[in-house]
Amino acid sequence: MRKIVNLFLAPVIVGLTFCAASNIVSSYAESSKATNYQVLNKDGRLYIFASSERMAGFEKSGELGIGIIKIGHGPNGETVVFDSDDAVREYEKRSNVR
């Protein structure tokens, strides 16, 4: 009976440990992405960047390439242009917009 219990508990413990570890890595990755969060106000639009590389490219060329545009989404009804889904999530988290 004890062997059966041990055979059942070992995978459960390993599984729980793996889940906890992956949540820690996931939350660390999300917090490190947030450190790159930057906002530019240009031509009456807000540009939100989660990637410092994309922001640098935008500042050089004035072009974002592929982005996410939300018309009237800014605090004063501005159009907001995001460089990625991560930028949208971070903006909405910081401004309490949904």
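The model shown is predicted, which means the values in this text are computed figures rather than measured ones.

Conventions we followed
Sequence order as written defines the numbering, with residues in each chain counted from 1. With pLDDT at 70 or above as the cut-off, local features in this predicted model cover only qualifying residues; side-chain atom pairs require 80 or more to be listed or tallied, and sums for whole chains, interfaces and linings still use all residues. Heavy atoms from the whole structure form the basis of all side-chain values; hydrogens and water molecules are not counted. Going along the chain from the N terminus, every DSSP run of H or I of four or more residues is numbered as a helix, and every run of E of two or more is numbered as a strand. Buried, partly exposed and exposed residues are distinguished by accessible area as a fraction of the type maximum, computed with a 1.4 Å probe on protein chains only: under 20%, between the cut-offs, and over 50%, respectively. In this analysis, two residues are considered to be in contact whenever any of their non-hydrogen atoms come within 4.5 Å of each other. Per-residue accessibility takes into account occlusion by the displayed protein chains alone, with areas from the Shrake-Rupley method and a 1.4 Å probe. Side-chain atoms within 4.5 Å are what join buried Ala, Val, Leu, Ile, Met, Phe, Trp, Tyr and Cys residues into a set we call a nonpolar core. The definition of a polar contact used here is a pair of N or O atoms within 3.5 Å, where within protein one atom must be able to donate a hydrogen and the other to accept one, and adjacent residues in sequence count solely through side-chain atom pairs. Whether two strands pair depends on DSSP finding at least two bridges between them. Axes here refer to lines fitted to C-alpha atoms; in helices the fit is confined to the stretch in contact. Angles between the N-to-C directions go from 0 to 180 degrees. When two rings of Phe, Tyr or Trp (its six-membered ring) have centres within 6.5 Å they constitute a pair, described as stacked for plane angles under 30 degrees, edge-to-face for angles over 60, and tilted for the intermediate range.

**Q** Would you mind going over the overall build of the protein chain with me for this structure?
**A** The helix and strand tally for the protein chain stands at 3 helices and 4 strands. Evaluated residue by residue, the protein chain yields a buried proportion of 24% over its 98 residues. Within the protein chain, residue pairs in contact and separated by at least 24 positions form 34% of the contacts whose partners lie at least 6 positions apart. When the accessible surface of the protein chain is summed, it comes to about 7,100 Å², and 59% of that surface belongs to carbon and sulfur atoms.

**Q** How do you make sense of the nonpolar core when you look at a structure like this?
**A** Across soluble globular proteins, you tend to see nonpolar side chains buried next to one another. By size, the foremost hydrophobic cluster in this structure holds 9 residues: Y37, L46, I48, A50, V80, F82, A87, V88 and Y91. Of all the secondary-structure elements, those providing two or more residues to this core are β2 (45-49), β4 (79-82) and α3 (85-95). Examining the composition of this core, we find that 3 residues originate from one element, α3, more than from any other.

**Q** Sorry, what's going on with the side chain of E92 here?
**A** By secondary structure assignment, the location of E92 is in helix α3. A relative accessible area of 13% means that E92 is categorised as buried. Of note is the side chain of E92, whose polar atom sits 3.2 Å from the side chain of K70.

**Q** In this structure, what is going on with the sheet that holds strand β3 (residues 68-70)? I would like to understand it.
**A** As a general point, the strands of a sheet are linked pairwise by backbone hydrogen bonds and lie either parallel or antiparallel. Across the sheet, 4 strands lie side by side as β1-β2-β4-β3; this open sheet has mixed pairing. Either end of the sheet is taken by a strand with one partner, and the two such strands are β1 (38-42) and β3. Pairs of neighbouring strands in the sheet enclose a mean axial angle of 20°, with direction left out of account. With 5 bridges connecting them, β1 and β2 associate as antiparallel partners. Opposite L40, over in β2, you have Y47 as the bridge partner.

**Q** Would you take a moment to explain unusual backbone geometry for this structure?
**A** Among all residues save glycine, negative phi is the norm, and among peptide bonds the norm is trans. We note that D43 has phi near 55°; this positive angle belongs to a residue other than glycine. Along the chain, D43 turns up in the loop between β1 and β2.

**Q** For this particular structure, what's the right way to read the packing of aromatic side chains?
**A** To describe a pair of aromatic rings, you give the distance between the ring centres and the angle between the ring planes. Applying the stated criterion to the full structure yields 3 aromatic pairs. Taking 4.6 Å as the distance between ring centres and 35° as the angle between the ring planes, the aromatic pair formed by Y47 and F58 counts as tilted. Of the two residues, Y47 is situated in strand β2 and F58 in helix α2 (residues 52-61); the sequence distance between them amounts to 11 residues. Neither residue differs from the other here; Y47 and F58 are each classed as buried. On the basis of relative accessibility, which here comes to 4%, the residue F58 falls in the buried class. The rings of Y47, F49 and F58 are connected pair by pair, giving a single aromatic cluster.

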